[in-house]
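Remarks on the overall topology
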Amino acid sequence: MQDYDQFRAQTRAWLETNCPPSQRQPVLEEEQIWAGKSQHFHNDEARQYFEAMRDKGWTAPDWPAEYGGGGLDASQTKILEQEMARLNCRPPLYDMGIWMLGPALLAYGSEEQKREHIPRIVRGEVRWAQGYSEPGAGSDLASLKTKCEDCGDHFLVNGTKIWTTKADHADWIFCLVRTDPTAAKQAGISFLLIDMHSGGVSTAPIKLISGASVFCQTFFDNVKVPKNQLVGELNQGWAVAKELLKHERKLMSSMSSMVQDDQEGIVELAKKHTPTAPDGKLVDGALRRDITRHLMNQRAQELLNERLYHQAKARAIDPRLGMTIKHIGTAELQRKDELLLEILGNRGLSWETPSTTDNEHTIVKNWAYDKAHTIAGGTSEIQLNIIAKRALGLPA
Ligand SMILES: Cc1cc2nc3c(=O)[nH]c(=O)nc-3n(C[C@H](O)[C@H](O)[C@H](O)COP(=O)(O)OP(=O)(O)OC[C@H]3O[C@@H](n4cnc5c(N)ncnc54)[C@H](O)[C@@H]3O)c2cc1C
């Protein structure tokens, strides 16, 4: 029997010592620690914090210790998350390997693949990109066409992927490819890991209206891929793809709690920027109502996640709950962004919010960027279709 109280006390003390003050502030985009060869640290404290977390395996706390993960059980992982949230500790590492590929590899990868890739993901040595969408295959992902031929001792890949986030900075990409063009849609797809430095791989950044570029189109022209980089069985990649999407959608549903303007933050912000009565109450009744509604929705979402956590622990997950969380989480995040802008008033008209705190500085940018969350990882319309069909059993 684990002594969880003792684990909590030790974790709290360890974080107090190893998470420096600058790593307890809301994280700006340029300060995020991404994995990979081009890893960049904003300051020495960021490096120290990352290395301390990495060496404990706490970049992936619940992955098996034999592959470099933290080896924590579900309750310990939750305690760690709670203690990190208590101190406002930043996520130690950003990477699609940590968020998505790792869990899918642990479920479907061969022993050789786990040993090759998982420790490097945990240590932030490799940056991963996601190669799912194609110009003609977004919501209807299973109609993807990137061709993958069996050439005896290797695969040969030809085609293109689009909206590949930061693929121009990635070291590797996990891809869905068509290995059997004659089979029914999902049946002919395989899941392949491709080294971005292989001959024939190229990327073209896609410029956004802001002038920034977070996306690429990625091209594969006669790219040779070793056969041991096929994950799962040939033509059975759809199962791996779905496992990975489960983690992507879970991540996206929790985005609102990752943004650090928490419950107390939104109320404090409203008190700072809108009139208050002598008893400290907000004068604007409609704003009070909207904030209360948001806090209640956020609490309901937390309880839903809590329920999922206990179901996972009991190995009795109701898949219908999992289907709903992305839609609920991303919609609430956007409502929260609207509320924050309303609170900021005229200050919210500026792209660079003039403010005294970093937290406020990011509000307008978050409002614009968070629109993407109801598209990426499957649009809200598609999520609602899935809920209607598979959770509620409604006719097509
Ligand atoms: C920020 C961001 C990051 C992304 N990163 C990646 C990445 O790294 N790798 C990657 O592979 N992809 C990535 N994507 C792509 C993302 O997965 C797709 O944008 C998404 O799946 C939707 O596909 P689409 O853009 O082709 O839109 P479409 O499928 O063309 O959809 C257009 C519109 O039609 C609606 N629609 C389509 N079909 C139906 C239907 N049957 N019923 C009702 N409505 C429907 C959609 O909801 C949407 O509103 C990213 C997207 C975003 C926004």
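Computed from a predicted structure; not experimentally measured. (Residues numbered from 1 in each chain as written. Predicted model: local features only at pLDDT ≥ 70, side-chain atom pairs only at ≥ 80, totals over all residues. Heavy atoms only, no water.)

1. Examining helix α9 (residues 285–313)
- Between its first and last C-alpha, α9 extends 42 Å over 29 residues, near the 42 Å set by a 1.5 Å rise per residue.
- Where α9 is concerned, the buried positions are L287, D290, I291, H294, Q298, Q301, L304, L308, Y309 and Q311.
- Two or three places before A286, at the start of α9, stands the capping residue D284, its side-chain oxygen 3.0 Å from that residue's backbone nitrogen.
- Backbone geometry just after α9 places R315 at a positive phi near 50 degrees. (Helix = DSSP H or I, 4+ residues; strand = E, 2+ residues; numbered from the N terminus. Expected span 1.5 Å × (residues − 1). Buried < 20%, exposed > 50% of the residue type's maximum accessible area, 1.4 Å probe, protein only. Polar contact = N/O pair within 3.5 Å; in protein donor to acceptor, adjacent residues only side chain to side chain.)

2. Brief notes about the nonpolar core
- Of all hydrophobic cores here, the largest spans 37 residues; its most connected members are L101, W128, Y132, F174, L176, F191 and L193.
- Residue assignment for this core shows that the elements contributing at least two residues are α2 (44–56), α4 (96–108), α5 (111–122), β4 (172–178), β5 (189–195) and α6 (237–253).
- Element by element, the count of residues in this core is highest for α4, at six residues.
- Looking at which domains feed residues into this core, each of domain 1 (4–94) and domain 2 (128–237) gives three or more.
- Core analysis: the second largest hydrophobic core is formed by 18 residues, I173, C175, V177 and V223 among them. (Core = buried A, V, L, I, M, F, W, Y, C linked by side-chain atoms within 4.5 Å. Domains from an automatic or database assignment.)

3. Observations regarding the site of the ligand
- Surrounding the ligand, one finds 20 residues, the nearest of these being S133, S139, T165, T379 and E381.
- The contact in question runs from an oxygen atom of the ligand to an N or O atom on the backbone of S133, over 2.7 Å.
- In this structure, N385 approaches the ligand through a side-chain N or O atom, which is 3.1 Å from a nitrogen atom.
- For the ligand, whose accessible area on its own is 970 Å², the fraction buried by protein is 65%. (Near = heavy atom within 4 Å. Areas by Shrake-Rupley, 256 points an atom, 1.4 Å probe, with all protein chains shown as cover.)

4. A short note on the packing of helix α10 (residues 319–344) against helix α13 (residues 380–391)
- At a closest axis distance of 10 Å, the pairing of α10 and α13 adopts a crossing angle of 155 degrees. Classified by the angle between their axes, α10 and α13 sit roughly antiparallel to one another. Considering the relative orientation of α10 and α13, their crossing is left-handed. Of the residues in α13, those in contact with R320, M323, T324, K326, H327 and T330 of α10 are S380, Q383, L384, I386, I387, R390 and A391.
- Considered class by class, the residues forming the contact of α10 with α13 number five nonpolar, five polar and three charged. (Axes fitted to C-alpha atoms, helices over the stretch in contact; angles between N-to-C directions. Parallel < 35°, antiparallel > 145°, perpendicular 65-115°, else oblique. Left-handed = near helix turned anticlockwise from the far one by under 90°. Contact = heavy atoms within 4.5 Å. Nonpolar A, V, L, I, M, F, W, Y, C, P; charged D, E, K, R; others polar.)

5. Considering the pattern of salt bridges
- A complete count under the given rule lists 23 salt bridges for this structure.
- Two residues, R123 and E125, come together in a salt bridge whose shortest N-O distance is 3.3 Å.
- The closest approach of N and O atoms between K185 and D140, which form a salt bridge, is 2.9 Å. With K185 in the loop between β4 and β5 and D140 in the loop between β1 (128–131) and β2 (147–150), the pair connects residues that are 45 residues apart, well separated along the chain.
- Residue D140 is classed as partly exposed on the basis of its relative accessible area of 40%.
- Shared partners join several salt bridges into a network, and the residues in it are R8, R12, E16, R24, E83 and R86. (Salt bridge = Lys/Arg side-chain N within 4 Å of Asp/Glu carboxyl O.)

6. A few points about the environment of A388
- Summarising the element assignment, A388 is placed in helix α13.
- According to the relative accessible area criterion, A388 is partly exposed, its value standing at 23%.
- Setting aside residues up to four positions removed in sequence, A388 forms contacts with G393 and L394.

7. Quick word on unusual backbone geometry
- Phi at N88 takes a positive value of approximately 60 degrees, unusual for a residue other than glycine.
- By the element assignment, N88 lies in the loop between α3 (74–87) and α4.
- Residue N88 is classed as partly exposed on the basis of its relative accessible area of 32%.
- The backbone of R315 sits at a positive phi, close to 50 degrees, despite the residue not being glycine.
- Considering the arrangement of structural elements, one finds R315 in the loop between α9 and α10.

8. Details of the pairing of strand β3 (residues 154–165)
- Looking at chain direction, β2 and β3 are connected through four bridges and run antiparallel. By the bridge assignment, K147 is partnered in β3 with N158.
- Hairpin connection of β2 to β3: three residues between the antiparallel strands, including G152 at a positive phi of 85 degrees.
- Sheet topology places β3 next to strand β7 (residues 215–226); 10 bridges connect them, and they run antiparallel. Looking across to β7, one finds that F155 is bridged to V225. (Pairing = 2+ DSSP bridges.)

9. Topic: the domain arrangement of the protein
- Domain parsing of the protein yields domain 1 (4–94), domain 2 (128–237) and domain 3 (254–391).
- A separation of 33 Å is found between the C-alpha centroids of domain 2 and domain 3.

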